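Working through the structure, step by step
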Amino acid sequence: MRKMILDCDPGHDDAVAIILVGNNPEFELLGITVESGNQTLKKTGRNALNLVQFLELDVPVCLGATNPIIKEVEICDAIHGESGLDGFDFPELKIDFDSRHAVDFIIQSVMNSTEKITMVTTGPMTNLALAIRMEPRILDNIEEVVLMGGSFQNGNVTPAAEFNVYCDPEAAHIVFNSNVKVTMVGLDVTRKVLTYPAIIERMEKVNNHVSDMFVKLMKVFNENQKRVFGFEGSPLHDPVTIAYLIDPTLLEVVFVHCDIDISHSTSYGRTNCDIFDYLKLEKNIYVAKDIDVKKFWNIIEDSLKRY
Ligand code: BDR
Ligand code: CA
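Residues numbered from 1 in each chain as written. Chains lettered and ligands numbered in written order. Predicted model: local features only at pLDDT ≥ 70, side-chain atom pairs only at ≥ 80, totals over all residues. Heavy atoms only, no water.

1. So, the overall build of the protein chain
Each helix and strand counted, the protein chain has twelve helices and ten strands in total. A compact globule built from 307 residues would reach a C-alpha radius of gyration of about 19 Å, and the protein chain, at 18 Å, matches this within 12%. With the C-alpha coordinates of the protein chain rotated into their principal frame, the extents come out at 50 × 40 × 35 Å. Among the 307 residues that make up the protein chain, the fraction classed as buried is 61%. For the protein chain, the exposed surface amounts to about 12500 Å²; the carbon and sulfur share of it is 50%. Each charge class in the protein chain was averaged separately, 28 positive and 45 negative side chains, and the resulting centres sit 4 Å apart. (Helix = DSSP H or I, 4+ residues; strand = E, 2+ residues; numbered from the N terminus. Rg over C-alpha atoms; globule rule 2.2 N^0.38 Å. Buried < 20%, exposed > 50% of the residue type's maximum accessible area, 1.4 Å probe, protein only. Areas by Shrake-Rupley, 256 points an atom, 1.4 Å probe, with all protein chains shown as cover. Lys, Arg positive; Asp, Glu negative; His and termini not counted. Charge placed at Lys NZ, Arg CZ, Asp CG, Glu CD.)

2. Structural notes on the coordination of the calcium ion (ligand 2)
In this structure, D9 (OD), D14 (OD), D14 (OD), T122 (O) and D238 (OD) serve as the protein donors to the calcium ion (ligand 2), at separations of 2.2 to 2.5 Å. Sequence positions of the donors to the calcium ion (ligand 2) reduce to the motif D-x4-D-x107-T-x115-D. Of the two residues, D14 sits in helix α1 (residues 12-22) while D238 sits in the loop between α10 (209-229) and α11 (239-246), which places them 224 residues apart along the sequence. For the pair D14 and D238, one class covers both residues: buried. (Donors = N, O, S within 2.8 Å, 3.2 Å for Na, K, Ca; no water.)

3. Quick notes on the nonpolar core
Residues I32, M213, F296 and I300 are the most contacted members of the largest nonpolar core, which totals 65 residues. Apart from the residues lying within four places of it in its own chain, the contact partners of F296 are V193, L236, P239, V240, A243, L250 and I291. Counting 37 residues, the second largest nonpolar core, distinct from the first, contains A102, V165, F176 and I285. (Core = buried A, V, L, I, M, F, W, Y, C linked by side-chain atoms within 4.5 Å. Contact = heavy atoms within 4.5 Å.)

4. A word on the site of ligand 1
In the neighbourhood of ligand 1, the contacting residues comprise D13, D14, N38, H80, T122, M148, N156, E162, F163, N164, H237 and D238. Interatomic distance of 2.6 Å between a side-chain N/O atom of D238 and an oxygen atom of ligand 1. Burial of ligand 1 by the surrounding chains reaches 97%, relative to a free accessible area of 280 Å². The site holding ligand 1 turns out to be the largest pocket. Listing elements by their share of the shell around ligand 1, those giving two or more residues are α1 and α6 (163-167). (Near = heavy atom within 4 Å. Polar contact = N/O pair within 3.5 Å; in protein donor to acceptor, adjacent residues only side chain to side chain. 1 Å grid on protein atoms, 1.4 Å probe; cavity = no way out; pocket = protein on both sides within 12 Å on 5 of 7 lines; lining within 4 Å. Sits in = over half its atoms within 2 Å of the grid points.)

5. Description of the layout of surface pockets
Computed from the structure, the largest pocket encloses a volume of approximately 300 Å³. Taken together, 23 residues form the lining of the largest pocket, with C76, I79, H80, N156 and F163 sitting closest to its centre. Broken down by secondary-structure element, the contributors of at least two residues to the lining of the largest pocket are α1, α3 (77-80), α6 and α10. It is α10 that provides the largest number of residues to the lining of the largest pocket, a total of four residues. Residue composition of the lining of the largest pocket, grouped by class: ten nonpolar, seven polar and six charged. (Points joined across faces, edges and corners; volume = space filled by probe spheres on them. Nonpolar A, V, L, I, M, F, W, Y, C, P; charged D, E, K, R; others polar.)

6. A few points about the packing of helix α4 (residues 102-112) against helix α5 (residues 126-134)
Running from N to C, α4 and α5 point in directions that differ by 60°, and their axes come no closer than 9 Å. Classified by the angle between their axes, α4 and α5 sit oblique to one another. Handedness of the α4/α5 crossing: right-handed. Along the contact surface, α4 presents A102, V103, D104, I106 and I107, while α5 presents N127, L128, L130, A131 and M134. (Axes fitted to C-alpha atoms, helices over the stretch in contact; angles between N-to-C directions. Parallel < 35°, antiparallel > 145°, perpendicular 65-115°, else oblique. Left-handed = near helix turned anticlockwise from the far one by under 90°.)

The structure is reproduced here in structure tokens:
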């Protein structure tokens, strides 16, 4: 069983990542750590708690960074709405946050574990970067980092940068240069898994309380993606990380040199991936190049059915 910490900023697609990891017997989810991103920390934290309660998970939720390391907070309310998770009315909250700060939780959990921990990040990487800076010895006990973020092609906030990396490029720089195994699941693959109406109809047929939440959330996600990007379906970015850990044949992955642009130019936040190895620099990052779309939707459907 893989021991895991999920660091996120829910968010419609983060919510689906939590659905996937929540009741999968292959994972032991030690905790969910949260930071600002799709909305302010207050809202992403509340969304994480709502999801944990609704899915009946016995998992601590720890609040983390309110701000990126250097930049001002960016939020993505155009896509995720006023609450950060518009589209579903959760029941009254009866659970509360763990009292530990996310960064302390990551450090304690990793340092105290007899087995190596997998870190999955589906938001800006502020919490993980701060944990690495505060206690670099955690790197010896991290199995790998699998993150949704970046793009070797175009960005989705600027021509160059993807949202999670753009929110906190300096944090991403710390993680990418940590010498731990990092797999970058970027827009290059996540923009291939779109929640077209036919997908929503298929998941609706699962017909349980979690598929009902999924359908309601995805309908609002689709309306917003259509308005902002003109997409007919929404790229279901974040759960690709978990789906890849469930089935590593899901992604075609290449090992490349990649650095984060922290130069404050118009490419600020770009994940500069040398896919063709022009520069002959030391390779440091595994980058997802392609995805088996059919397998992905099967994993989503199977996960919904388990609730
Ligand atoms: C990423 O940005 C957020 O809006 C999503 O939750 C995802 O993690 C995609 O660029
Ligand atoms: Ca996210």
